[in-house]
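Close look at the chain arrangement
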Amino acid sequence: MFSCPHCAEQGIPALRKSILSPGLLATCESCGKPSGIKYASWLTAMIPGSALMITALFTDSTSVEWTLNIVGFLLVIAVPLLFTPLHKEQH
Ligand SMILES: [Zn+2]
């Protein structure tokens, strides 16, 4: 669970935060208020994983391509989850 920016309770499920994107809000289970992530920080969080998956397009080795794709995919999930701050959204 992650802290809600409204009430500071652990009200945001990790699964919910991992699929957050701009415009898709998470609702706090404690206070019911919506929170989301800023477009700029979401975009920044996508860069490391996307860079690896783009690199995979240009490699000739199948094993390297798979490794880059898998690591890139994990980064696309993990980086926003762990490092992108939640901020308050209004209804
Ligand atoms: Zn809350």
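Report follows, based on the coordinates. (Residues numbered from 1 in each chain as written. Predicted model: local features only at pLDDT ≥ 70, side-chain atom pairs only at ≥ 80, totals over all residues.)

Now for the overall build of the chain. The number of helices and strands found in the chain is three helices and five strands. In the chain, the order of α-helices and β-strands from amino to carboxyl end is β-β-α-β-β-α-α-β. In terms of overall dimensions, the chain has C-alpha extents of about 50 × 20 × 15 Å along its principal axes. Out of the 91 residues belonging to the chain, those deemed buried represent 14%. In the chain, once contacts between residues fewer than 6 apart in sequence are set aside, the share between residues at least 24 apart is 47%. (Helix = DSSP H or I, 4+ residues; strand = E, 2+ residues; numbered from the N terminus. Buried ≥ 20, exposed ≤ 12 C-beta atoms within 10 Å, placed from the backbone. Contact = placed C-beta atoms within 7 Å.)

Positive phi, normally seen in glycine, also occurs at Ala8, with a value near 65°. With respect to the helices, strands and loops of the structure, Ala8 is situated in the loop between strand S1 (2-3) and strand S2 (10-12). Using a count of 11 C-beta atoms within 10 Å as the deciding quantity, one classes Ala8 as exposed.

Right, let's talk about the environment of Ala14 for a bit. Structurally, Ala14 can be placed in helix H1 (residues 14-18). On the neighbour-count criterion, Ala14 (10 C-beta atoms within 10 Å) is exposed. Each C-alpha atom of the pair Ala14 and Ile77 lies 11 Å from the other, and the pair is 63 residues apart in sequence. Not counting the four nearest positions on each side in its chain, Ala14 is found in contact with Met1, Phe2 and Leu81.

With that settled, the discussion passes to the packing of helix H2 (residues 39-57) against helix H3 (residues 62-83). Close contact between H2 and H3 brings their axes to 7 Å; oriented N to C, the two are set at 175°. Of the possible angle classes, the one that applies to H2 and H3 is roughly antiparallel. Where H2 approaches H3, its residues Trp42, Ala45, Met46, Pro48, Gly49, Ser50, Leu52, Met53, Thr55 and Ala56 are matched on the opposing element by Glu65, Leu68, Asn69, Val71, Gly72, Phe73, Leu75, Val76, Val79, Pro80 and Phe83. Classifying every residue of the contact of H2 with H3 gives 15 nonpolar, five polar and one charged. (Axes fitted to C-alpha atoms, helices over the stretch in contact; angles between N-to-C directions. Parallel < 35°, antiparallel > 145°, perpendicular 65-115°, else oblique. Nonpolar A, V, L, I, M, F, W, Y, C, P; charged D, E, K, R; others polar.)

Moving on, we get to the environment of Glu9. In this fold, Glu9 is placed in the loop between S1 and S2. Here the alpha-carbon distance between Glu9 and Ser35, two residues 26 residues apart in the chain, equals 13 Å. Non-local contacts of Glu9, meaning those with residues more than four positions away in its chain, are made with Cys4, Ser30 and Cys31.

The antiparallel open sheet is built from three strands, whose spatial order is S3-S4-S5. Two strands lie at the open edges of the sheet, namely strand S3 (26-27) and strand S5 (87-88), each paired on one side alone. With two bridges joining them, strand S4 (residues 34-36) and S5 adopt antiparallel strand pairing. The partner of Gly36 across the bridge, within S5, is His87. (Pairing = 2+ DSSP bridges.)

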